[in-house]
Amino acid sequence: MKIAVLPGDGIGPEVMEQAVKVLQAVSGQGFEIELQYAAIGGAGYDAAGDPLPAATLKLARAADAILLGAVGGFKYDSLPRPMRPEQGLLRIRKELNLFANLRPAQLYPELADASTLKPEVVAGLDLMIVRELTSDLYFGQPRGIHVNADGEREGYNTMRYTESEVRRVAHIGLQIAMKRNKKLCSVEKANVLETSELWREVVIETAKQYPEVELSHMYVDNAAMQLVRNPKQFDVILTGNIFGDILSDEASMLTGSIGMLGSASLDQNRKGMYEPIHGSAPDIAGKDAANPLATILSAAMMLRYTFAHDALADRIENAVRKTISAGLRTADIHTPGTTRIGCAAMGDAVVAAL
Ligand code: NAD
């Protein structure tokens, strides 16, 4: 299994080192890995004058999966936009046609205090948002700002989905539901938008191929409310690009701990790029203070969704759970009565728990 490892900037290399330790610890148990490193983001700009160097893209194309740390840093903020680290990330997603974004929101009961919501509402939360990533209002044409017939400036964007775009992401959502608790809630705004009407029809059609999955539908405004009222009612949420952008950030904040959440972006063949949802955290970079668990959990997602090694993914997730239960905490999730450790020690603790 060829994995392209793109550590990136800031805490990226530190958290990546821990995830690699964990992958190496499970390697050889029916899973032989070949890791190939390349630069992306600011590191790509420094090495090759481009946040997505040609060599990195070539390596990513040839790999079965990509594991990414994080990109960005103050020293790159004054570069022209195409040279900024974040552009490397947007470009690689587009180049590889990664159209399905998986954002789990999971909260271990021991970390329930980290949430701004009442512990009983969020403790044990475990939901997955599947967001379409390459279409919808963000890409629809026509778009622009023009002067209208009244001589007033007017901005406009177009919400668009084709049947095939909805169908392929619906398949991914339904397949993920099959691997979880077999419940899928499709979120749209079919009471107002034609795009959503079509979305709903195609999801219903596609779901017929997955009779075991319990399908429901919810309007996005209600979903936003239900996520803070009773988030544990959800298993998998399937939604479009703009609604998913908003709901996935809302869901991640239910857990209150940005250092704990991984993510995946998949293509048609289940090739994927796996990355923590946090950024490069320049404020703590180089201090051995970052929480590597989001990246370690991203590596577990890679085993589950690209390589279909569910048992190994379970082992890594259980090792993380055990480490948390043992009271080991990086600074971001540390509370009185628990033991504060650094980034490398957290990586070692997960390997020991494995
Ligand atoms: P950030 O996620 O880097 O940091 C936000 C806060 O969370 C900081 O206080 C940071 O110390 C803390 N934090 C983040 N990850 C942590 C971890 N693993 N362990 C402990 N604490 C952690 O977001 P930001 O500060 O808005 O952005 C910093 C840089 O990262 C910017 O250049 C931004 O563009 C970039 N960024 C990159 C990505 C990405 O690579 N996917 C995502 C978001 C932001």
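Residues numbered from 1 in each chain as written. Predicted model: local features only at pLDDT ≥ 70, side-chain atom pairs only at ≥ 80, totals over all residues. Heavy atoms only, no water.

**Focus on the domain arrangement of the protein chain**
Looking at the protein chain, the domain boundaries give domain 1 (1-98 + 271-354) and domain 2 (100-266). With centres defined by C-alpha atoms, the gap from domain 1 to domain 2 works out at 24 Å. Listed per partner, the contact involves 30 residues of domain 1 and 26 residues of domain 2. For the pairing of domain 1 and domain 2, the buried interface totals around 2,300 Å² over both sides, and the portion due to carbon and sulfur atoms is 62%. Three residues, Leu98, Ile277 and Tyr305, lead the burial of domain 1 against domain 2; their summed loss comes to 30% of the area buried on that side. (Domains from an automatic or database assignment. Contact = heavy atoms within 4.5 Å. Buried area = accessible area lost by both parts, 1.4 Å probe.)

**A short note on the pattern of salt bridges**
A full pass over the atoms with the stated rule returns 17 salt bridges. For aspartate 221, the salt bridge is made with lysine 189, and the minimal N-O distance between the two is 3.0 Å. With aspartate 221 in helix H8 (residues 220-229) and lysine 189 in the loop between strand S8 (183-188) and helix H7 (194-207), the pair connects residues that are 32 residues apart, well separated along the chain. Residue aspartate 221 is classed as partly exposed on the basis of its relative accessible area, which comes to 45%. Close ionic contact of arginine 304 with aspartate 314 constitutes a salt bridge, the shortest N to O distance being 2.9 Å. With arginine 304 in helix H10 (residues 293-305) and aspartate 314 in helix H11 (residues 310-325), this residue pair connects regions lying 10 residues apart in the sequence. Owing to a relative accessible area of 11%, arginine 304 belongs among the buried residues under this scheme. Several salt bridges converge on common partners, so that one network encompasses Lys179, Arg304, Asp310, Asp314 and Glu317. (Salt bridge = Lys/Arg side-chain N within 4 Å of Asp/Glu carboxyl O. Helix = DSSP H or I, 4+ residues; strand = E, 2+ residues; numbered from the N terminus. Buried < 20%, exposed > 50% of the residue type's maximum accessible area, 1.4 Å probe, protein only.)

**Side note on the nonpolar core**
Ranked by size, the top nonpolar core spans 83 residues in total, and within it Ile3, Leu23, Phe31, Leu102, Val130, Tyr274 and Leu303 carry the most contacts. In terms of residue count, H10 provides more of this core than any other element does, 9 residues in total. Shared between two domains, this core takes at least three residues from each, and those domains are domain 1 (1-98 + 271-354) and domain 2 (100-266). Each residue touching leucine 23, except ones within four places of it in the same chain, is listed here: Ile3, Phe31, Ile33, Leu67, Ala299, Met302 and Leu303. (Core = buried A, V, L, I, M, F, W, Y, C linked by side-chain atoms within 4.5 Å.)

**Quick look at the pairing of strand S5 (residues 126-132)**
The buried fraction of S5 is high, at 6 of 7 residues. Pairing of strand S4 (residues 100-106) with S5, which is carried by 7 bridges, proceeds in the antiparallel orientation. Bridging across to S5, leucine 102 finds its partner in valine 130. Pairing of S5 with strand S10 (residues 236-239), which is carried by 4 bridges, proceeds in the parallel orientation. Directly across from methionine 128, in S10, lies its bridge partner valine 236. (Pairing = 2+ DSSP bridges.)

**Re the environment of alanine 353**
Position of alanine 353 relative to the elements: it lies in helix H12 (residues 343-353). Taking the relative accessible area as the measure of exposure, alanine 353 reaches 21% and is therefore partly exposed. Placed 38 residues apart in sequence, alanine 353 and arginine 315 show a C-alpha to C-alpha distance of 9.3 Å. Ignoring any residue separated from it by four or fewer positions in sequence, one finds alanine 353 in contact with Ala319, Lys322 and Thr323.

**With respect to the site of the ligand**
Around the ligand, a shell composed of 20 residues is seen, among which Glu86, Gly279, Ala281, Asp283 and Asn291 lie nearest. A distance of 2.9 Å separates an oxygen atom of the ligand from a polar backbone atom of valine 71. In the model, an oxygen atom of the ligand is placed 3.1 Å from a nitrogen or oxygen of the serine 280 main chain. Contact with the protein chains removes 67% of the 810 Å² of surface that the ligand exposes when unbound. (Near = heavy atom within 4 Å. Polar contact = N/O pair within 3.5 Å; in protein donor to acceptor, adjacent residues only side chain to side chain. Areas by Shrake-Rupley, 256 points an atom, 1.4 Å probe, with all protein chains shown as cover.)

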